[in-house]
Amino acid sequence: MNWLERDSESIWHPFTQLVNGFEHIMVEKAEGMYLHTSDGRKIMDAISSWWVNLHGHSHPKIAEAVAKQAQNLEHVIFAGFTHAPAIELAENLLSILPDNQSKIFYSDNGSTANEVALKMAFQYWYNKGNEERKKIIAFDGAYHGDTFGAMSVGDRGPFSAPFAPFLFDVEFLPMPENGNEDEVLQKFYQLVESGKVAGFIFEPLVLGSAGMKMYDGRFLDKLIRIAQDNHVICIADEVFTGFGRTGKHFASDYLANKPDVFCLSKGLTGGTMALGVTSCTEEIMSAYKSTDIMKTFFHGHSFTANPIACAASIASFKLLVAEETQSQIEKISQWQKEFHDKISSHPKVLKSRVLGTIFALELKTDADTSYVNEVRHKLYPFFLERNILLRPLGNVIYILPPYIIKKEEIDKVYEAVEEMLESL
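Remember, predicted model here, so these are calculated numbers, not experimental data.

S.K.: Teacher, can you tell me more about the packing of helix α3 (residues 60-70) against helix α10 (residues 307-321) here?
M.R.: The description of two packed helices rests on the angle between their axes and on the distance between the axes. The interhelical angle for the contact between α3 and α10, taken along N-to-C directions, is 150°, at an axis separation of 8 Å. Taken together, α3 and α10 sit at an angle that is classed as roughly antiparallel. Between α3 and α10 lies a crossing whose hand is right-handed. Note on element contacts: α10 touches α3 through Pro307, Ile308, Ala311, Ala312, Ala315, Ser316 and Leu319, opposite Lys61, Ile62, Ala65, Val66, Gln69 and Ala70. Its residues assigned to classes, the contact of α3 with α10 comprises ten nonpolar, two polar and one charged.

Written out as structure tokens, the structure reads:
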């Protein structure tokens, strides 16, 4: 029995249909932009392996940091103990986060980073003796993860349908688009002025899994100001948009009004391994500073602040802030904008959008734009046959490369997208 046969016998893959699904591809190694398969192919990873890979696969600087840390301290319980990698990483993150951020709380991934943020917001009001504030506001169509709290504040669609009876109530706002801003603003005012809202969670500027939907930062700025004027905790889910994806370190860097809580993961370790971060303001911390043990934040994970993951993140951070990487982010942003300008008027493109290193286009189809649009079953293999990994969100194709991509490589991706449009 070969490796693929053994895989099919023993492994249940994520987001994968168990009947009529695509055959899995055996990856033996990865380097730079490319995945090397067992049958000798080199597949260009043009989506950064689910948006996590910043600097290319198997980056030697990150690999060296991981190996060195593994030989010194692989893990230690983070309750009652601490270590240098966790401290250095926290200092690094606070140096690029907005000035209102005061403390770093570690967890395991994007979903848990958002779970921590929601629990922080709820318990903040509990500790303050205000148990009226139990509501969360979120955008309709959002995605914040697959744990129960994260699902609750995300899109009530096919992903969460089996769990709908178990999710807590959330006030969903329509996404601000198509001239509905006044309607969204009016509903938001009514909610926050009720005195019953604990927090407002959002993906700043880009709703990733919803199809890379983008909205005006000026409008989000207005919502944050209104929320904070009414003492509502604002939570920025920057799991996807963080670490340069939008052209700045964080999408919130485009905003004048800064969120109270940040959730980070994905690119945090450069795509090497799992790690989550939730940062918060000193004001939120103040509600937990008490001699009353019941005001403690009773939350933690077995691998909280894993030293190896922290070491990988420190190495990734050094690469991120380096002049070479920042220059590459600017170049990729320009290439993506140029392709957007070229392709947006194509007769088979419904919409195309770009922000920083993120490019997306919606294809015109007979069905509505959605993750389950059947055209994805044609698009995914089309690009794989050309040794390019693009994993469409239904009828939405997006390009989100690691920052090391070269002009000739991204041009190859663009050419494949144009070829696909002509073949439809």
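S.K.: Please clarify how the layout of surface pockets should be interpreted in this entry.
M.R.: One water molecule sets the probe size; rolling that probe over the atoms shows where empty space is left. Estimated volume of the second largest pocket: approximately 640 Å³. For the lining of the second largest pocket, the elements supplying multiple residues, two or more each, are α4 (84-96), β4 (103-107), β12 (276-280) and α9 (282-286). Tallied by class, residues from the lining of the second largest pocket come to 16 nonpolar, nine polar and three charged.

S.K.: Honestly, the pattern of salt bridges in this entry has me stumped. Any pointers?
M.R.: This structure, assessed with the given rule, holds twelve salt bridges. Taking the shortest distance from any N to any O, the salt bridge between Lys289 and Glu282 comes out at 2.4 Å. Between Glu385 and Arg386 there is a salt bridge; the shortest N-O distance is 3.6 Å. In this structure, a network of salt bridges that share partners links the residues Glu385, Arg386 and Glu419.

S.K.: Just to check I follow, could you spell out the sheet that holds β4 for this structure?
M.R.: Strands in a sheet are paired, the pairing made by backbone hydrogen bonds, and the direction either parallel or antiparallel. Spatial strand order, β4-β12-β11-β10-β7-β5-β6: seven strands in an open sheet with mixed pairing. One side of each edge strand has no neighbouring strand; the edge strands of this open sheet are β4 and β6 (171-173). On average, each strand axis in the sheet is tilted by 20° relative to the strand beside it, whichever way the strands run. Pairing of β4 with β12 involves five bridges; the strand directions are antiparallel. Bridge assignment links Tyr106 to a residue of β12, and that residue is Val277. On the sheet, α4 packs against β4, β11 (261-264) and β12 and is oriented at approximately 125° with respect to β4. Relative to strand β10 (residues 233-237), helix α5 (residues 110-127) is tilted by about 175°, and along the sheet it contacts β4, β5 (135-139), β7 (197-202), β10, β11 and β12.

So, how was this worked out
Residues numbered from 1 in each chain as written. Predicted model: local features only at pLDDT ≥ 70, side-chain atom pairs only at ≥ 80, totals over all residues. Heavy atoms only, no water. Axes fitted to C-alpha atoms, helices over the stretch in contact; angles between N-to-C directions. Helix = DSSP H or I, 4+ residues; strand = E, 2+ residues; numbered from the N terminus. Parallel < 35°, antiparallel > 145°, perpendicular 65-115°, else oblique. Left-handed = near helix turned anticlockwise from the far one by under 90°. Contact = heavy atoms within 4.5 Å. Nonpolar A, V, L, I, M, F, W, Y, C, P; charged D, E, K, R; others polar. 1 Å grid on protein atoms, 1.4 Å probe; cavity = no way out; pocket = protein on both sides within 12 Å on 5 of 7 lines; lining within 4 Å. Points joined across faces, edges and corners; volume = space filled by probe spheres on them. Salt bridge = Lys/Arg side-chain N within 4 Å of Asp/Glu carboxyl O. Pairing = 2+ DSSP bridges.

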